[in-house]
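# Reading the structure
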Number of protein chains: 2
Amino acid sequence: MTKDDLIQAHMRIAPYIHKTPVLSSSAINKQSGASIFFKCENFQKMGAFKMRGATNAILQLSDHAQERGVVTHSSGNMAQAVSLGAKQLGITAYIVMPSNAPAVKKAAVREYGGIITECFPSMEAREAAVEKIIADTGASFIHPSDDLNVILGQGTAAMELIEEHPDLDYILVPVGGGGLLAGTALAAHHLSDKTQVIGGEPMEADDAYRSLEAGKIMYNETADTIADGLRTHLGHINFPIIQQHVHSIIRVSEAEIISAMRLIWERMKIIIEPSCAVPLAAVLKERSRFVDQQLGIIISGGNVDLTNLPFNNLTK
Amino acid sequence: MTKDDLIQAHMRIAPYIHKTPVLSSSAINKQSGASIFFKCENFQKMGAFKMRGATNAILQLSDHAQERGVVTHSSGNMAQAVSLGAKQLGITAYIVMPSNAPAVKKAAVREYGGIITECFPSMEAREAAVEKIIADTGASFIHPSDDLNVILGQGTAAMELIEEHPDLDYILVPVGGGGLLAGTALAAHHLSDKTQVIGGEPMEADDAYRSLEAGKIMYNETADTIADGLRTHLGHINFPIIQQHVHSIIRVSEAEIISAMRLIWERMKIIIEPSCAVPLAAVLKERSRFVDQQLGIIISGGNVDLTNLPFNNLTK
């Protein structure tokens with residue numbers, strides 16, 4: 001993956017995505033001792049950075065492949081990203097969702113024109129349903145994170161951030177399936193001499209941390225974290241990129257995630273998913289390491305269920 | 001109040017406030033049929049437009065008056081605005097708050113350096129406490145909405161919006177005490193040949209609507225609305241400005257307010273107070289009137305209690 005691959009990906013998807021704003025908070029800067037620039041992918045179309053990778057992957061398909069449609073399985077943002085990405089290009093999107101996926105997520109997929117196939121909530125059932133759709137329709141599978149075109153698309157968020165703030169010491173992103181982390185690491189590697197990339201990960205789903213320690217992909221036996229976007233594991237395509245270009249991974253507790261999420265809601269007045277709070281939680285946890293540094297944080301998405309927020313049970 | 005008064009107010013407060021961003025939502029534009037530009041005063045310092053009026057009023061005091069401090073009574077955003085406005089200028093702020101004000105509001109005032117005097121929760125007790133502070137300290141009283149310098153300061157939000165979007169057909173703002181509505185009306189009158197100003201008001205606290213009908217200031221016997229910033233009545237200074245320069249007032253129900261608030265949270269991923277949802281609720285209620293129009297809406301603030309949100313009891 002060269003610098004030119006990234007630039008080409010950005011040019012390719014630019015007509016279909018928002019160039020999201022970068023915000024700062026003097027209160028959070030004061031609390032952290034750092035200068036933090038938040039790249040707000042919660043303001044991205046469909047509410048998350050996944051729009052970038054999905055659109056890039058769909059646009060790289062041949063005309064013939066595009067005619068037959070695309071398919072993915074997801075209960076989260078990738079379902080909406082593939083649906084809307086395909087809709088914008090006039091392409092059919094087949095979305096396999098577990099039967100226990102929240103109604104609000106299914107409704108969003110339908111609104112974006114995705115054709116839902118429900119399945120039993122297990123990875124085997126999801127993959128079997130995808131296989132059947134591919135056999136029936138010839139649709140192309142888009143993996144949520146372990147696909148080079150998806151990784152390049154996700155890297156364009158960091159690319160825009162580095163263009164706007166070229167002197168960042170670190171960019172921190174959450175790590176779930178590894179697509180955003182690998183794309184960000186590629187962008188920093190190719191576009192900056194200085195910027196290092198750090199992943200933030202819940203202690204309760206620390207497969208990426210353990211994978212880097214072990215030198216091979218590790219899995220989560222349990223993933224009991226509020227950061228629902230980060231419960232998945234790395235893939236064989238993004239793992240070597242992460243090994244080569246990511247500086248380190250910082251793990252945080254559930255209480256640290258909720259506290260950082262609340263800080264962003266209260267101080268920045270923006271709605272972010274729990275997953276996006278993980279990098280700020282990491283900065284506050286290892287405060288001394290980041291004092292007086294220039295930091296970028298990618299706010300990965302803002303799709304939360306407003307009827308089920310973690311604030312009610314907290315005392316301040 | 002001339003155009004030059006407004007321009008002077010803006011120059012005066014500019015070093016102490018944020019020039020807030022203007023956001024749009026394609027989903028909300030689609031739903032309303034209009035092009036809506038949201039001026040995001042929820043991103044203003046201390047989280048609300050009140051920062052503008054408070055700062056302008058404090059800056060208009062003589063050096064001698066500034067030395068003796070300022071005083072206001074408020075359980076809401078004006079308490080924080082006067083505290084932070086004074087703090088930025090090195091001035092003492094005395095804040096009278098009813099004893100039943102939320103702890104989170106008191107904590108915010110203290111954080112901004114305001115000196116709190118608690119009183120019995122009645123208007124008489126609040127005014128008596130203010131009188132005593134004035135007698136003891138010589139502090140100058142800053143009224144939250146019925147003060148020409150406060151009105152001019154609040155008008156600078158619309159001024160920035162019109163500079164960025166000069167072709168607006170209407171600007172809609174919530175109406176509570178009337179400071180924002182009067183300031184916005186002055187700004188539109190002096191800075192645009194085209195833009196009309198409409199107030200949005202809860203049906204449950206429709207004193208401004210009834211005041212314009214009656215030609216004199218009317219009061220609310222009850223004000224059972226979630227839009228807690230809009231429970232107050234107009235004042236003798238802002239009412240004539242509103243009579244002269246405001247196009248009309250649209251009243252909305254509690255369900256319409258909550259629905260519009262949820263729409264902004266879900267689609268724009270920004271945190272707004274219930275009061276700010278009133279203008280969008282008005283646009284959606286009288287949709288046909290606004291179709292194909294260019295609208296500005298001032299999102300007045302973002303200080304909400306995250307532990308007490310109105311979404312839990314709703315079904316979508």
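## Looking at the overall build of chain A
Scanning chain A from N- to C-terminus turns up 14 helices and ten strands. A compact globule built from 316 residues would reach a C-alpha radius of gyration of about 20 Å, and chain A, at 18 Å, matches this within 12%. Structurally, chain A occupies a C-alpha span of about 55 × 45 × 40 Å along its principal axes. Scored against the burial criterion, the 316 residues of chain A give a buried share of 59%. In chain A, the share of contacts with a sequence separation of at least 24, taken over all contacts with a separation of at least 6, comes to 72%. Carbon and sulfur atoms provide 48% of the accessible area of chain A, an area that totals close to 12300 Å².

## Remarks on the sheet that holds strand 4 (residues 93–98) of chain A
All names here are of chain A. Spatial ordering of the open sheet is given by 5-4-3-6, a layout of four strands whose pairing is parallel. In the strand order of this sheet, the two ends are held by strand 5 (115–119) and strand 6 (140–141), each with one partner. Both strand 3 (residues 70–73) and strand 6 contribute to a ladder of two bridges, which runs parallel. Note that in strand 6 the partner of valine 70 across the bridge is serine 140. Contacts from helix 6 (residues 103–111) reach strand 4 and strand 5 within the one sheet, and its direction differs from that of strand 4 by about 175°. Set on the sheet, helix 7 (residues 123–137) makes contact with strand 3, strand 4, strand 5 and strand 6; between it and strand 3 the angle comes to about 170°.

## Considerations on the interface of chain B and chain A
Between chain B and chain A, the residue contacts involve 24 residues of the former and 24 residues of the latter. Taken over both partners, the interface formed by chain B and chain A buries close to 2000 Å², and the fraction arising from carbon and sulfur atoms is 55%. Counting across the interface, chain B meets chain A through two salt bridges. Close ionic contact of glutamate 111 of chain A with arginine 267 of chain B constitutes a salt bridge, the shortest N to O distance being 2.8 Å. Our count for the contact surface shared by chain B and chain A stands at eight residue pairs in polar contact (both at pLDDT 80 or more). Elements supplying a minimum of two residues to the side of chain B that touches chain A: helix 6 (103–111) and helix 12 (254–268) of chain B. For the side of chain B that touches chain A, the element with the highest residue contribution is helix 12 of chain B, accounting for five residues. Counted by class, the side of chain B that touches chain A contains eleven nonpolar, seven polar and six charged residues.

## Concerning the packing of aromatic side chains
Going through the model one piece at a time under the given rule, you end up with five aromatic pairs over all chains. With a centroid separation of 5.0 Å and an interplanar angle of 65°, the aromatic rings of tryptophan 265 of chain A and phenylalanine 311 of chain A are classed as edge-to-face. Taken as a pair, tryptophan 265 of chain A in helix 12 (residues 254–268) and phenylalanine 311 of chain A in the segment after strand 10 (294–299) lie far apart in primary sequence, 46 residues in all. For the pair formed by tryptophan 265 of chain A and phenylalanine 311 of chain A, the shared burial category is buried. Here the aromatic rings of tyrosine 170 of chain B and phenylalanine 290 of chain B are separated by 5.5 Å at their centres, their planes lie at 85°, and the arrangement is edge-to-face. With tyrosine 170 of chain B in strand 7 (residues 170–174) and phenylalanine 290 of chain B in helix 14 (residues 287–290), this residue pair connects regions lying 120 residues apart in the sequence. Through pairs of rings, three or more aromatic residues link up here, namely Trp265 and Phe311 of chain A together with Trp265 and Phe311 of chain B. Over the ring of tyrosine 209 of chain A we find arginine 251 of chain A, and its NZ or CZ is 3.7 Å from the ring centre.

## Some thoughts on the nonpolar core
Core analysis: the biggest nonpolar cluster contains 78 residues, and Phe38 and Trp265 of chain A together with Phe38 and Trp265 of chain B have the highest contact counts within it. The contact partners of phenylalanine 38 of chain A, leaving out residues within four places of it in the chain, are Pro21, Val22, Leu23, Ile28, Ile264, Met268, Leu280, Ile297 and Ile299 of chain A.

## Digging into the relation of the copies chain B and chain A
Between chain B and chain A, the superposition needs a rotation of 180° and an axial shift of 0.0 Å, giving an RMSD of 0.0 Å. Taken together, the rotation angle and the small translation identify this as a two-fold axis. The C-alpha atom lying nearest the rotation axis in chain B is that of isoleucine 270 of chain B; the distance is 2.1 Å. Interface overlap between copies is the fraction of interface residues in one copy that are interface residues in the other; for chain B against chain A it reaches 100%, indicating a shared surface.

## Looking at the pairing of strand 9 (residues 248–252) of chain B
All names here are of chain B. Among the five residues in strand 9, four count as buried, and that is most of the element. Taken together, the five bridges between strand 8 (residues 196–202) and strand 9 define a ladder with parallel strand orientation. Paired with glycine 200 across the strands is isoleucine 250, a residue of strand 9.

## Digging into a nonpolar patch on the surface
On the surface, Met1, Leu148 and Ile237 of chain A cluster together to form a nonpolar patch covering roughly 230 Å² of accessible area. Tracing the chain through its elements places methionine 1 of chain A in the segment before helix 1 (3–13).

## A short note on helix 9 (residues 179–191) of chain B
Residue and element names in this part refer to chain B. Its 13 residues give helix 9 an end-to-end C-alpha distance of 18 Å, which sits within 8% of 18 Å, the value for a rise of 1.5 Å per residue. Of all 13 residues making up helix 9, ten are buried, and the element is well covered by its neighbours. Looking only at helix 9, the buried set comprises Gly179, Leu180, Leu181, Ala182, Gly183, Thr184, Ala185, Leu186, Ala187 and Ala188.

## A closer look at the state of the cysteines
Residue and element names in this part refer to chain A. The final tally for this structure, using the stated rule, is zero disulfides over all chains. Unpaired in this structure, cysteine 40 has its nearest cysteine sulfur neighbour in cysteine 276, at a distance of 9.4 Å. Overall, cysteine 40 belongs to the buried group, its relative accessible area being 0%.

## Observations regarding the environment of proline 310 of chain A
Residue and element names in this part refer to chain A. Mapped onto the secondary structure, proline 310 falls in the segment after strand 10. With 36 residues separating them in the primary sequence, proline 310 and proline 274 have C-alpha atoms 9.1 Å apart. In this structure proline 310 touches Ile226, Ile258 and Met261, once residues within four positions along its chain are discounted.

## Focus: the confidence of the model for chain A
With 98% of its residues at a pLDDT of 70 or more, chain A has an overall mean of 95. At the level of chain-chain contacts, confidence expressed as ipTM amounts to 0.90, with global pTM at 0.92.

## A word on the pairing of strand 10 (residues 294–299) of chain B
Residues and elements named next belong to chain B. Within strand 10, five of the six residues are buried, which leaves the element mostly enclosed by the surrounding structure. By the bridge criterion, six bridges tie strand 2 (residues 35–40) to strand 10 in an arrangement that is parallel. In the sheet register, phenylalanine 37 faces strand 10, and the bridge partner there is glycine 296. The pairing of strand 7 with strand 10 spans three bridges and is classified as parallel.

The rules behind the values
- Starting from 1, residues in each chain are numbered consecutively following that chain's sequence as written.
- The order in which chains are written sets their letters, starting at A; the order in which ligands are written sets their numbers, starting at 1.
- Only residues with pLDDT of at least 70 get local features here, since the model is predicted, and only at 80 or more are side-chain atom pairs given and counted; chain-wide, interface and lining totals rely on the full set of residues.
- Values reported for side chains reflect all heavy atoms of the structure, with hydrogen atoms and water molecules removed beforehand.
- Each helix is a run of DSSP H or I of at least 4 residues and each strand a run of E of at least 2, with the numbering of both proceeding from the N terminus.
- A radius of gyration in this sense is built from C-alpha atoms; the matching globule rule multiplies 2.2 Å by the number of residues raised to 0.38.
- Between buried and exposed lies partly exposed: a residue is buried under 20% and exposed over 50% of the maximum accessible area for its type, with that area taken using a 1.4 Å probe on protein chains only.
- Residues count as neighbours in contact if any of their non-hydrogen atoms are within 4.5 Å of one another.
- Methods summary: accessible areas were calculated by the Shrake-Rupley approach with a probe of 1.4 Å, and residue burial reflects only the protein chains presented.
- The pairing criterion is simple: DSSP has to find at least two bridges between the two strands.
- To get an axis, fit a line to the C-alpha atoms, keeping to the stretch in contact for a helix; angles then go from 0 to 180 degrees between the N-to-C directions.
- Once two parts are joined, some of their accessible surface, as seen by a 1.4 Å probe, is lost; buried area is that loss totalled over both.
- Salt-bridge detection follows one rule: a side-chain nitrogen of Lys or Arg within 4 Å of a carboxyl oxygen of Asp or Glu.
- What qualifies as a polar contact is a pair of N or O atoms within 3.5 Å, subject to a donor-acceptor requirement within protein and to the restriction that residues adjacent in sequence count only when both atoms come from side chains.
- Polar here means any residue other than Ala, Val, Leu, Ile, Met, Phe, Trp, Tyr, Cys and Pro, which are nonpolar, and Asp, Glu, Lys and Arg, which are charged; Gly is therefore polar.
- Stacked, edge-to-face and tilted are the three classes for Phe, Tyr and Trp ring pairs, Trp counted by its six-membered ring, which pair at centre distances within 6.5 Å; planes under 30 degrees apart are stacked, over 60 edge-to-face, the rest tilted.
- Any Lys NZ or Arg CZ that is within 6 Å of a ring centre and within 35 degrees of that ring's normal is treated as a charge sitting over the ring.
- Joining through side-chain atoms within 4.5 Å is the link that ties buried Ala, Val, Leu, Ile, Met, Phe, Trp, Tyr and Cys residues into a set, and such a set is a nonpolar core.
- Superposing copies: least-squares fit, C-alpha atoms only, residues required to have pLDDT of at least 70 in both.
- Every patch collects residues that have over 30% relative accessible area and no salt bridge, joining them within 9 Å if they carry like charges and within 5 Å if they are nonpolar side chains (Val, Leu, Ile, Met, Phe, Trp, Tyr).
- In this analysis, the expected span of each helix is defined as 1.5 Å times one less than the number of residues it contains.
- The disulfide criterion used throughout: a pair of cysteine sulfur atoms within 2.5 Å.
- Scored from 0 to 100, pLDDT reflects the predictor's confidence in each residue.

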